[in-house]
Structure formats: C-alpha cells, structure tokens
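Residues per chain are reported as follows:
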Amino acid sequence: MAETAQTLALPTGTVVRSLAGRDAGYLLCVVGGQGESLLLCDGRERPLERPKRKNAKHIRPVEGVAPFGSEALRGNKALHKGLLRLERQLKAAQSDATEKG
Amino acid sequence: MISLKTARELSLMRDAGRIAAEALLRVGEAVKPGVTTAELNRIAHDYISHCGAAPTFLNYNGFPACACISVNDEVIHGIPSKKRVLREGDLVSVDLGATYRGYVGDTAASFAAGKLGETAQRLRETTRAALFAAIPKAVPDGRVGDIGAAVQSYCEARGYSLVRDFTGHGVGKELHEDPSIPNVGTAGHGLRLRAGMTIAIEPMVNAGKSGVRVLPDGWTVKTKDGTLSAHFEHTIAITPNGAVILTKAEG
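Worth saying up front: this structure is predicted, and the values here are computed from it rather than measured. (Residues numbered from 1 in each chain as written. Chains lettered and ligands numbered in written order. Predicted model: local features only at pLDDT ≥ 70, side-chain atom pairs only at ≥ 80, totals over all residues. Heavy atoms only, no water.)

A.B. asks: How would you explain the overall build of chain B if you had to name every residue and give the values?
C.D. replies: The secondary structure content of chain B amounts to four helices and 15 strands. Its C-alpha atoms give chain B a radius of gyration of 17 Å, near enough to 18 Å, the size a compact globule of 251 residues would have. If you line up chain B on its principal axes, its C-alpha atoms span 45 × 45 × 35 Å. For chain B, long-range pairs separated by at least 24 residues make up 71% of all intrachain contacts whose partners lie at least 6 apart in sequence. Carbon and sulfur atoms form 50% of the exposed surface of chain B, whose accessible area is close to 10200 Å². Looking at chain B, you have 28 positive and 26 negative side-chain charges, and the mean spots of the two groups are 1 Å apart. (Helix = DSSP H or I, 4+ residues; strand = E, 2+ residues; numbered from the N terminus. Rg over C-alpha atoms; globule rule 2.2 N^0.38 Å. Contact = heavy atoms within 4.5 Å. Areas by Shrake-Rupley, 256 points an atom, 1.4 Å probe, with all protein chains shown as cover. Lys, Arg positive; Asp, Glu negative; His and termini not counted. Charge placed at Lys NZ, Arg CZ, Asp CG, Glu CD.)

Structure (structure tokens):
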C-alpha cells in the first residue's frame, strides 16, 4: 500500500533548538508533523504523547548531530536523557572552543 | 525512524512476503470478466488467513478491506465492492499485505481481465519492467534517489508519467516505516541505503499526466485526466549481496 508522499520539512528524529516561545533555547526532537508544521517533544515538558506543534521557522536544526533513532524515541525517559546528554556535549564542545580561542 | 533488520527478522519477513505473494498470485488467477472486486478481496482474505497470517490492510487507518483493488483509471487504494464487476479488457491493480509473526509483506501487481487493449498492455509491461529496473539499485551504499531515477528514466523514456503524490516506503513491523521511496529522483542523491533495510518499491505509472485525485470515499486514488494507471510492488531486503525480493511465491 503506497504511502502519501511526505512533505515534512525535517525528518523524524532530527534534534532542533527552539528559537521562539516559552521553550526558546531548549533542545527538542522532531517526532512528526506536516510540511512546515512540526511536532516536537523533549520527553518531559512535552512528552511523546503530547507533542508541541511548532512552525519550522521557529526552530533551528542542531548541526553536526545525527538524528535520534528508535532507541532514543522509545520512551520519554530515553528521549529526555538523550537530549540532556547532547546538551552537555554541546556545552562542553563550546567551552573547549572558547578556551582554545 | 529507519530500522535495520537482523537475519532472524529477515527470515520472518521472507515468510510474510511469501504469503502475500502467494495470495496475490491466487487473486491474479481469479481476475477475469464477470468477477466482482469484493470476490477478489475474499480470495485474498481467505488465503492470508488460511496461512495463519493477518491481512495487513484490513482496518489500517480505517481501510475497510484486505486488498486494494483499483481498476483502469484508479491508481491505488481502490475499495473492493460487490457492485464493481470486472469487464473484458479491464486493467486491475491488486495491492495486498500479510502480517505474519509481527512482520509485514507488501506486494502489488496489475492484472488483465480478459484481453487487454494494446495501450493497457504496454503500460502494464512498462510498469513491471520499471520495478525490475529499480530493484538492482537497492544495494548498500546506494541512494534512495538511485531507485527513483531508475523508475523515472525507464517510464518517462517510454512516454509515461509517474505518480508523485504517493511513494514506496520502508516496511517491517509496520506497513509504513521510514524511509520514503519516491518513484522519481536523481541518481546519487537522497538517503544512503544500508544492509538490513527493508523497503517496498512500487512504481505507479500513468498513461497520461501524473496528476491524481482522491475520491470522496477518502481512499480511492484516480488519475486526474482519466487515463489508465498501472501499479507493481515488491518488498525488498537490502543485503550485502544486493537486493533480495521478499515477496516471492514459492516454487
């Protein structure tokens, strides 16, 4: 059975940073959506069963980060831990770059 | 999310694929003038159930039957009906799925009710050949675009157009998994294919223009210009040794 052509701006699993709204600055993960309207979760404030709908222009994909796979999206706990771990790694990389600079 | 299948999972998918392929074969043998599309659906349902599998499409997102049966200008997702009686020369596309021990086999083919006209016959052969032109592109380190490009170049060189609003897809525990497998594309572009992926390649080829519309029943997809359409599909496993067709009947 053919699938309706996907028009999602970013594929499921992509990690993004919110640029606007009360979650601005936080990392979120794309879990679905349609076109420019994306469904985002962080596993805590926005659990997988209640994703946040957000316009693609109000988020920015985190560059150089592989999309989350099925393991990370298997539950809210795993997703939240994955995002926290990634945030720590990004901050560490940033402070390394600042020290070297 | 793309899931890579283990050898055990591939073996289960081969079983599901074989059941789906054999059901399709039986439905194909029954396609002839005077038969209703509901009767074809019953044949598919009985065979799949007889094998201890479940008809994947039944109730999938509310689809009310076990097989999609689309006639002439219907492209895909036709709902079988007691009122739809096949006539001599009808081009009948049958798409069905079997879920066996948690894994899905998804396959489709266009059949002739009686003797097809020359246009329909040529369209049917081209669509089938386009599928077999694309299957060898499903190899590790290939790209999704290689598959679409193979289908597109084969069909467009013969004056046909491809449906763009619907695509092939990943298949496994779910009927529709990532990635999407469009029937158009650019070779060398798109997602990189990996061993362990299982995908459904399914060219939907129109004799006229590529535009399609969905009927008010919410399912049946027809060509906008009323021209004929054909559809073939196989579930494929990408292995280190190349593409393996999982929806193959035994013998």
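Right, picking up where we left off after that structure.
A.B. asks: How would you explain unusual backbone geometry if you had to name every residue and give the values?
C.D. replies: Among all residues save glycine, negative phi is the norm, and among peptide bonds the norm is trans. Residue and element names in this part refer to chain B. Cis geometry marks the peptide bond from Asp 178 to Pro 179, where omega comes out at 0°. Topologically, Pro 179 is positioned in strand E8 (residues 177–181). Its identity as a non-glycine residue notwithstanding, Asn 61 has a phi of 50°, on the positive side. You can call Asn 61 exposed: its relative accessible area is 63%. (Buried < 20%, exposed > 50% of the residue type's maximum accessible area, 1.4 Å probe, protein only.)

A.B. asks: Break down the interface of chain B and chain A for me, citing the residues and quoting the values.
C.D. replies: At the interface, 24 residues of chain B touch eleven residues of chain A. In total, about 1200 Å² of surface goes out of reach between chain B and chain A, with carbon and sulfur atoms giving 57% of it. Viewed at the interface, chain A and chain B are joined by nine residue pairs in polar contact (both at pLDDT 80 or more). Of all the secondary structure elements, the ones that give two or more residues to the side of chain B that touches chain A are strand E7 (166–170) and E8 of chain B. Here the side of chain B that touches chain A gets four residues from one element, more than from any other, and that element is E7(B). Of the residues belonging to the side of chain B that touches chain A, the class tally is ten nonpolar, six polar and eight charged. For strand E1 (residues 3–4) of chain A and E7(B), the ladder comprises two bridges, and the chain directions are antiparallel. (Buried area = accessible area lost by both parts, 1.4 Å probe. Polar contact = N/O pair within 3.5 Å; in protein donor to acceptor, adjacent residues only side chain to side chain. Nonpolar A, V, L, I, M, F, W, Y, C, P; charged D, E, K, R; others polar. Pairing = 2+ DSSP bridges.)

A.B. asks: With reference to specific residues and values, describe the environment of Asp95(B).
C.D. replies: For Asp95(B), the position within the fold is in strand E4 (residues 90–100). Here Asp95(B) falls in the buried class, since its relative accessible area comes to 2%. For the pair Asp95(B) and Val184(B), spaced 89 residues apart in the sequence, the C-alpha separation amounts to 20 Å. Ignoring sequence-local partners within four residues, the contact set of Asp95(B) consists of Met1(A), Ala2(A), Phe57(B), Ala67(B), Cys68(B), Asp106(B), Thr107(B), Ala108(B), Glu202(B), His231(B) and Glu233(B). A polar atom in the side chain of Asp95(B) sits 3.0 Å from the backbone nitrogen of Met1(A).

A.B. asks: Quick rundown of helix H1 (residues 76–100) of chain A? Include the residues and the values.
C.D. replies: Taking 1.5 Å of rise per residue, 25 residues should cover 36 Å, and H1(A) covers 36 Å from first to last C-alpha, within 8% of that figure. Among the residues making up H1(A), those that are buried are Ala78(A), Leu79(A), His80(A), Gly82(A), Leu83(A), Leu86(A) and Glu87(A). (Expected span 1.5 Å × (residues − 1).)

A.B. asks: Before we move on, can you summarise the sheet that holds strand E12 (residues 221–223) of chain B with the specific residues and values?
C.D. replies: Residue and element names in this part refer to chain B. Reading across the sheet, the three strands line up as E3-E12-E11 and stay open at both edges, with antiparallel pairing between neighbours. Here the strands that pair on one side only, and so sit at the sheet edges, are strand E3 (74–76) and strand E11 (212–214). Between one strand axis and the next, the sheet turns by 40° as a mean value, whatever way the strands run. Relative to E12, E3 runs antiparallel, the two being bridged by two bridges. Its bridge partner lying in E12, Ile 76 is registered against Val 221. (Axes fitted to C-alpha atoms, helices over the stretch in contact; angles between N-to-C directions.)

A.B. asks: Would you mind going over the sheet that holds strand E6 (residues 161–162) of chain B in detail, with residue names and values included?
C.D. replies: Strands in a sheet are paired, the pairing made by backbone hydrogen bonds, and the direction either parallel or antiparallel. Residues and elements named next belong to chain B. In spatial order, the strands read E6-E10-E13; together these three strands make up an open sheet with antiparallel pairing. Strands at the two margins of the open sheet, each flanked by one partner only, are E6 and strand E13 (229–231). Sheet analysis places strand E10 (residues 204–206) next to E13, joined by three bridges and oriented antiparallel. Considered in E13, the bridge of Met 204 is made with His 231.

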